[in-house]
Amino acid sequence: MTNDPLLQPYQLRHLTLKNRIMSTAHEPAYSEDGMPKDRYRLYHLEKAKGGIAMTMTAGSASVSRDSPPAFGNLYAHKDEIVPWLKRMTDDLHEHDCKVMIQLTHLGRRTGWNKGDWLPVLAPSPVREPAHRAFPKEIEDWDIERIVADYADAAERMQAGGMDGIEFEAYGHLMDQFWSPATNRREDEFGGSLDNRLRFSNMVIDAVRNRVGPDFIVGIRMVADEDWDIGLSRAEGVEIARRFAKSGKIDFLNIIKGHIDHDADLDEVIPIQGMAASPHLDFAGEVRAATKFPVFHAARIADVATARHAIAEGKLDMVGMTRAHIADPHIVSKIRAGREAEIRPCVGATYCLDRIYEGGEALCIHNAATGREALVPHTITKSDRGALSAVVIGAGPAGLEAARVLAERGHRVEVLEATGEAGGQINLMVRNPRRKEMIGIIDWRLAELDRLGVGITYDCYADADEVLSRTPDLVVVATGGIPQNPPLSEGDHLVTSSWDILAGTVKPEGPVLLFDDNGSHAGMSAAEVIARAGIELELVSPERFFAPEIGGMNHVPYARAFARSTVRVTINTRLLSVRRDGNGLVATLGSDYDRQARFERRVAQVIVEHATQPNDELYRALKPLSRNLGAVSYKSLIARRFPLEARNPDGRFELVRIGDAVSSRNIHASIYDALRLFSLF
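Residues numbered from 1 in each chain as written. Predicted model: local features only at pLDDT ≥ 70, side-chain atom pairs only at ≥ 80, totals over all residues. Heavy atoms only, no water.

Heads up, the rule is: UniProt positions are given in the numbering used here, feature names are shortened, and annotations may be inferred rather than shown by experiment.
An unreviewed UniProt entry lists the chain under the name NADH:flavin oxidoreductase, from Rhizobium alvei. Turning to the chain, the UniProt annotation filed under Sequence similarities (unreviewed entry) states: "In the N-terminal section; belongs to the NADH:flavin oxidoreductase/NADH oxidase family."

The structure is reproduced here in C-alpha cells:
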C-alpha cells in the first residue's frame with residue numbers, strides 16, 4: 001500500500017485504472033501498411049510492462065480514405081486492423097494496462113498527394129500552413145459519409161478489444177468546425193456555437209449508437225486556441241461543459257493552443273528551453289469548471305510535477321508521453337523506490353521532429369525505444385563471463401558503453417582526457433536554451449556511480465596507458481574534432497562553431513557563419529551570436545537552412561534570427577577567405593551556377609562542417625587487437641556476438657563507436673554502444 005497520489009487507482013465508469021499515469025495519443029510512425037504490427041505492439045507493450053495504467057494508441061487513427069496519413073497514422077477505416085489491435089490489446093491487458101485509441105479525420109491537416117490522392121477537405125477552404133494543402137469546402141454528402149466512417153471505425157476498435165476511444169479535436173476536422181479561424185460557413189454548420197458543434201454531435205451520436213452506452217468514449221479537445229482569430233477560452237470551456245453534461249462523453253483530454261504552423265505547434269507541445277507543463281493550470285481550471293474527468297499532457301516530464309498535478313486536483317490522469325519514450329518503466333521505478341534511476345526526458349524533441357519529418361519516433365538517448373524486438377530496455381547479466389573493459393572517452397557514447405558493459409556484469413574503467421564528462425554535449429549547453437541536454441550525461445554518471453564504475457579524468461590515454469591496464473576489451477569513444485569545409489584558401493582565417501560555443505573566441509561583427517552540416521552545432525553558434533546583438537549572415541549550401549533539424553527545433557532558432565534580423569542566405573557555398581586590411585573577404589558561390597561569384601567583407605568567418613574522427617589512439621591499438629578493430633555487421637544486425645578473431649597475437653578486443661567512427665549525432669552514438677555491448 002502507498003499514499004503516493006500517482007499510484008492511487010482511478011475509476012473511469014466501469015474501468016479501473018491502476019494508477020494515475022498514462023501515455024497520451026501520439027503516432028510513433030511504427031505502423032506497417034497502416035497496421036499496428038509487431039514493432040507498434042512491442043513499443044506499447046514495454047510501457048505496460050513498466051507499470052503504466054493506460055496507453056492511448058494512435059495519434060490519430062484515420063477513419064476515412066480522404067484523411068490520408070500525415071505521419072504514419074493507423075488505418076482505422078480498414079477491417080484488417082481488427083486482428084492486429086486484438087493481439088496488442090490482449091498482450092497489454094495481461095499486464096493490467098488499459099488500451100484506448102484515438103480516432104480522427106484530419107480534415108485540412110494532411111496532403112492531397114498521399115494515399116488515394118483524394119481532395120483534402122475542411123469546413124471552409126482555408127489553407128493550413130503546416131501541410132500546405134488548399135482544402136475544398138466540405139459538402140453535405142461528405143459530412144454524411146464521414147459521420148458513418150467514424151461509427152464504422154469505432155465499431156472496429158471495439159471489436160479489436162480496445163477499452164475505449166478518444167476523438168481528436170485539436171487542429172483536426174472536428175474542431176476545424178469549432179474555430180472561427182477555419183469555419184467561415186453561413187449554413188447550419190457555421191456561425192453560432194450550436195451550429196459549429198453540429199458535426200461533432202452528429203459523430204458522437206453515431207458512434208454511441210454503434211458501440212453502445214458502456215464503451216468508453218472521450219475527446220481530446222482544444223479548450224482555448226490562444227489565437228486572436230480562433231476559438232476563445234470562453235467558448236472552449238463552454239464546449240467542454242456541454243460535452244460533460246451530454247452523458248455521451250466519459251472524459252475530456254484538454255489542449256490549449258493551435259497547431260496550424262510549426263511556431264504554434266511548439267506552444268502546444270513545448271520543447272527544451274520552454275516552460276515545463278505550461279498548460280497544467282489551465283487544464284485544472286477546465287476540470288473545476290466542468291467537474292468532470294480531465295486528462296492532460298504537455299511536457300509533464302518529471303514525476304514531481306505529475307504528482308503535484310494529481311495531488312492538487314488539477315487532473316484525474318496525467319499524461320507523461322515523451323517521458324515514457326525516454327523511459328517506459330517510470331511507474332515500476334516509482335513503485336520500487338527507484339525514482340532517481342528514471343531516465344529523464346531532456347526535451348530535445350528528437351522524437352517528434354523525426355515523426356513530423358517523415359521518420360519514426362526515436363528518443364535522443366534511449367535507443368531501445370521503438371527497437372524493442374532488437375535491443376533491450378533492461379540490460380541483463382552476460383553469460384560470457386566477466387571481462388575487464390577500458391572505455392576511452394566520457395561523452396555520451398563512452399558513458400553508454402560503460403553503463404551497458406557494467407550492467408552486463410563486466411569490470412569497467414573509463415578514461416577521460418579532460419576534467420569533466422560530457423564531450424560535445426558540454427558545448428551544446430553553452431547555449432542556455434539547451435542546458436537540459438546535460439541530463440543525458442548526468443543520468444549516465446549517476447548510473448555509473450550506482451554500478452561502481454570509476455572514471456579517471458585528465459587522462460589523455462595513449463596506447464601504453466591503455467595496455468598497462470591489461471584489458472580484455474578496449475572501447476574507443478574519443479569523439480571527433482571540428483573540421484573546416486573544403487576551401488581553396490583561407491583555412492587559417494576561419495573560426496569553428498566550437499570556438500564560439502566554448503567561448504574561446506569572442507564573436508566580432510559583422511559575422512558570416514557558413515553551415516555545411518545543417519544540424520544543431522552551427523545553429524546554436526548562430527543563436528548565441530544573434531542573441532548577443534552582433535550582425536550576422538547565416539549561409540547554407542542547402543535549399544533551406546538546417547535540414548538536419550526538424551520543424552519543432554527549427555522554431556526557436558528561426559525566432560531568435562527573426563528578432564535579431566539575422567540574414568539567412570541559402571543555395572550558397574563558401575569558397576575561400578582572404579585577409580583584407582583589418583577584415584576578411586569571403587568569396588561565395590553557387591552549386592547551381594559555377595560561374596557565379598560574389599564577396600562579403602566581414603570581421604569574422606565562422607564555419608561548421610561537422611567533425612573528423614579523433615582516431616589516433618584507435619589506429620595505434622588496432623594492430624595489437626585480436627579482431628583488428630573489425631565488427632561483423634551481419635552478426636551485429638542478427639544480434640549475435642559481432643567480433644571475430646583475426647590476429648592470433650592480439651591481446652584484447654577493440655571497438656570504436658560514436659564520432660570516433662564518423663560524425664553523426666547523439667542518438668547514433670548511444671545506439672552504437674547499446675546494440676554492440678548488450679551482446680558482450
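Having put the structure on the table, let's press on.
### Points about the pattern of salt bridges
Worth spelling out the cut-off: What makes a salt bridge here is a side-chain nitrogen of Lys or Arg within 4 Å of a carboxyl oxygen of Asp or Glu, nothing more. Numbering of helices and strands runs from the N terminus, with a helix taken as a DSSP run of H or I at least four residues long and a strand as a DSSP run of E at least two residues long. Using a 1.4 Å probe on the protein chains alone, a residue whose accessible area is under 20% of its type maximum counts as buried, one over 50% counts as exposed, and one in between counts as partly exposed.
Within this structure, the stated rule accounts for 55 salt bridges. Glu341 serves as the salt-bridge partner of Arg450, at 3.9 Å between the closest nitrogen and oxygen. Of the two residues, Arg450 sits in helix 16 (residues 438-451) while Glu341 sits in the loop between helix 12 (330-335) and helix 13 (350-356), which places them 109 residues apart along the sequence. Between Arg573 and Asp591 there is a salt bridge, and its shortest N-O distance comes to 2.9 Å. Of this pair, Arg573 sits in strand 22 (residues 573-580) while Asp591 sits in the loop between strand 23 (583-589) and strand 24 (597-602), and the two are 18 residues apart along the sequence. Residue Asp591 is classed as partly exposed on the basis of its relative accessible area, which comes to 29%. Bridged by salt links that share partners, the residues Asp66, Lys136, Glu139, Asp142 and Arg145 form one connected network.

### Considering helix 1 (residues 38-49)
Heads up, the rule is: Expected helix span is given by 1.5 Å per residue-to-residue step, counting one fewer step than there are residues. Contact definition: two residues touch when any of their heavy atoms are within 4.5 Å.
Between its first and last C-alpha, helix 1 extends 16 Å over 12 residues, near the 16 Å set by a 1.5 Å rise per residue. Of the positions making up helix 1, those classed as buried are Tyr40, Arg41, Tyr43, His44, Leu45, Glu46, Lys47 and Ala48. Where the residues of helix 1 are buried, they touch strand 3 (21-23), strand 4 (54-62), helix 2 (81-93) and helix 11 (321-326). Positive phi appears at Gly51, one or two residues downstream of helix 1, with a value of about 100°.

### Quick look at empty space enclosed by the protein
The criterion, for reference: Grid spacing is 1 Å over the protein atoms alone, the probe is 1.4 Å, and a cavity is where that probe fits but cannot get out, while a pocket is an open set with protein on both sides within 12 Å along at least five of seven lines and lining residues have an atom within 4 Å of a point. Grid points are joined across faces, edges and corners, and a volume is the space filled by probe spheres set on the points.
Overall, the coordinates contain 3 cavities of 30 Å³ or more when judged by the stated rule. The computed volume of the largest cavity comes to approximately 430 Å³. As for the largest cavity, its lining consists of 32 residues, of which Ala25, His26, Tyr170, Arg220 and Ile269 are closest to the centre. Where the lining of the largest cavity is concerned, the elements lending two or more residues are helix 8 (262-268), helix 11 and helix 13. Tallying contributions element by element places helix 11 first for the lining of the largest cavity, with 4 residues. If you add up the space inside the second largest cavity, you get close to 130 Å³. What lines the second largest cavity is a set of 15 residues, among which Arg108, Gly171, Asp175, Glu225 and Ile259 lie closest to the centre.

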